[in-house]
Amino acid sequence: MSVGGYHFVTGSFTSHRSFLPDKEYGVALDNFVKGCSDMLIQNSKGQILTGKRNVHPQPDWWFVGGRMMPGESPGVSCSRLLKRELSLNIAADRFKPLCFNSMVWGMREQEPKANGTCDVNIVLTVQLSEEEASQIVLDPKEYTDSKWVAPEEMLEGSYHPALQCSVRSLLSAA
């Protein structure tokens with residue numbers, strides 16, 4: 001079952017994004033829900049890659065992914081993030097939409113940290129070849145470790161409910 005995954009562009013659009021200083025980004029986080037594209041990445045055995053993040057809002061086992069940029073489709077965002085976070089070049093059309101989650105976090109990386117942040121994450125799936133999986137290089141600014149986990153193990157373990165919900169969606173789509 002797919003949640004859609006369409007990306008509509010109405011009219012002419014040019015992104016005017018810029019890097020916000022931490023103080024301004026913190027104010028933005030206090031006022032907007034951030035859109036993220038996160039991935040359930042599978043290997044040829046059907047296992048799912050999880051990364052041990054070292055930054056808030058989830059410094060624990062989590063999806064690979066992150067903030068979408070203005071104008072990006074979820075697939076393009078995933079392709080960009082996979083290159084940055086795992087050093088893999090995967091075409092945007094290989095990502096398939098799966099589900100979405102709404103999350104409220106009590107902490108965030110940016111000051112004031114205790115203000116937390118709110119995200120909507122669009123979860124997409126992609127299956128890697130054995131060769132692609134062997135070429136993964138973690139971004140040390142984002143992750144301290146990674147591991148391949150069987151979907152059933154993720155459902156039974158102490159993983160975040162958003163990960164478990166997304167895995168249930170993956171299993172029901174099969």
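Residues numbered from 1 in each chain as written. Predicted model: local features only at pLDDT ≥ 70, side-chain atom pairs only at ≥ 80, totals over all residues. Heavy atoms only, no water.

### Points about the layout of surface pockets
Point 1. The volume enclosed by the largest pocket comes to roughly 1,200 Å³.
Point 2. Mapped by element, the contributors of at least two residues to the lining of the largest pocket are α1 (22–31), β1 (34–42), β4 (64–67), α2 (74–86), β5 (96–105) and β6 (117–127).
Point 3. In terms of residue class, the lining of the largest pocket is built from 17 nonpolar, eight polar and 16 charged. (1 Å grid on protein atoms, 1.4 Å probe; cavity = no way out; pocket = protein on both sides within 12 Å on 5 of 7 lines; lining within 4 Å. Points joined across faces, edges and corners; volume = space filled by probe spheres on them. Helix = DSSP H or I, 4+ residues; strand = E, 2+ residues; numbered from the N terminus. Nonpolar A, V, L, I, M, F, W, Y, C, P; charged D, E, K, R; others polar.)

### Let's talk about the nonpolar core
Point 1. One finds L40, W62, M154 and L163 to be the most contacted residues of the largest nonpolar core, which totals 17 residues.
Point 2. Elements with a contribution of two residues or more to this core: β3 (61–62), β5 and α5 (161–173).
Point 3. In this structure, M39, L81, F95 and Y143 belong to the second largest nonpolar core, which totals 16 residues. (Core = buried A, V, L, I, M, F, W, Y, C linked by side-chain atoms within 4.5 Å. Buried < 20%, exposed > 50% of the residue type's maximum accessible area, 1.4 Å probe, protein only.)

### Some words on unusual backbone geometry
Point 1. Here the residue pair H56 and P57 is connected by a cis peptide bond, since its omega of 20° sits within 30 degrees of zero.
Point 2. By secondary structure assignment, the location of P57 is in the loop between β2 (48–53) and β3.
Point 3. Between E111 and the following residue, P112, the backbone shows a cis peptide bond with an omega angle of -10°.
Point 4. Within the secondary structure layout, P112 lies in the loop between β5 and β6.
Point 5. One non-glycine residue with positive phi stands out, namely S87, at about 60°.
Point 6. Looking at the secondary structure, you find S87 in the loop between α2 and β5.

### Details of α1
Point 1. Those residues of α1 that fall on the buried side of the exposure criterion are Y25, G26, A28 and L29. Angularly, the buried residues of α1 cover 160° about the axis, an arc narrow enough to put them on a single face. Relative to its buried face, α1 has exposed residues pointing more than 90 degrees away, namely K23 and N31.
Point 2. In the core, the buried residues of α1 are packed alongside β1, β4 and β6. (Arc of directions from axis to C-beta. Contact = heavy atoms within 4.5 Å.)

### Considerations on α5
Point 1. Here α5 contains 13 residues, and its C-alpha end-to-end distance of 18 Å stays within 8% of the 18 Å for a straight helix at 1.5 Å per residue.
Point 2. For α5, every residue scored as buried is listed here: A162, L163, Q164, S166, V167 and L170.
Point 3. Looking at the packing, one finds that the buried side of α5 touches β1, β2, β3, β5, β6 and α4 (151–156). (Expected span 1.5 Å × (residues − 1).)

### Focus: the packing of aromatic side chains
Point 1. The final tally for this structure, using the stated rule, is two aromatic pairs.
Point 2. Seen from their ring centres, W62 and W105 are 5.4 Å apart, and the 80° between their planes marks the pair as edge-to-face. With W62 in strand β3 and W105 in strand β5, the pair connects residues that are 43 residues apart, well separated along the chain.
Point 3. A relative accessible area of 6% places W62 in the buried class.
Point 4. For W105, a relative accessible area of 10% corresponds to the buried category.
Point 5. Connected via pairs of aromatic rings, a cluster forms that spans W62, F63 and W105. (Phe/Tyr/Trp six-rings, centres within 6.5 Å; stacked < 30°, edge-to-face > 60°.)

### Quick look at the side chain of R108
Point 1. With respect to the element layout, R108 can be found in the loop between β5 and β6.
Point 2. A distance of 2.8 Å separates polar atoms of two side chains, one belonging to R108 and the other to D30.
Point 3. There is a polar contact of 3.1 Å between the side chain of R108 and the backbone oxygen of Q110.
Point 4. If near-sequence neighbours (up to four positions away) are discounted, R108 is found in contact with G26, L29, D30, H56, K113, N115, G116 and T117. (Polar contact = N/O pair within 3.5 Å; in protein donor to acceptor, adjacent residues only side chain to side chain.)

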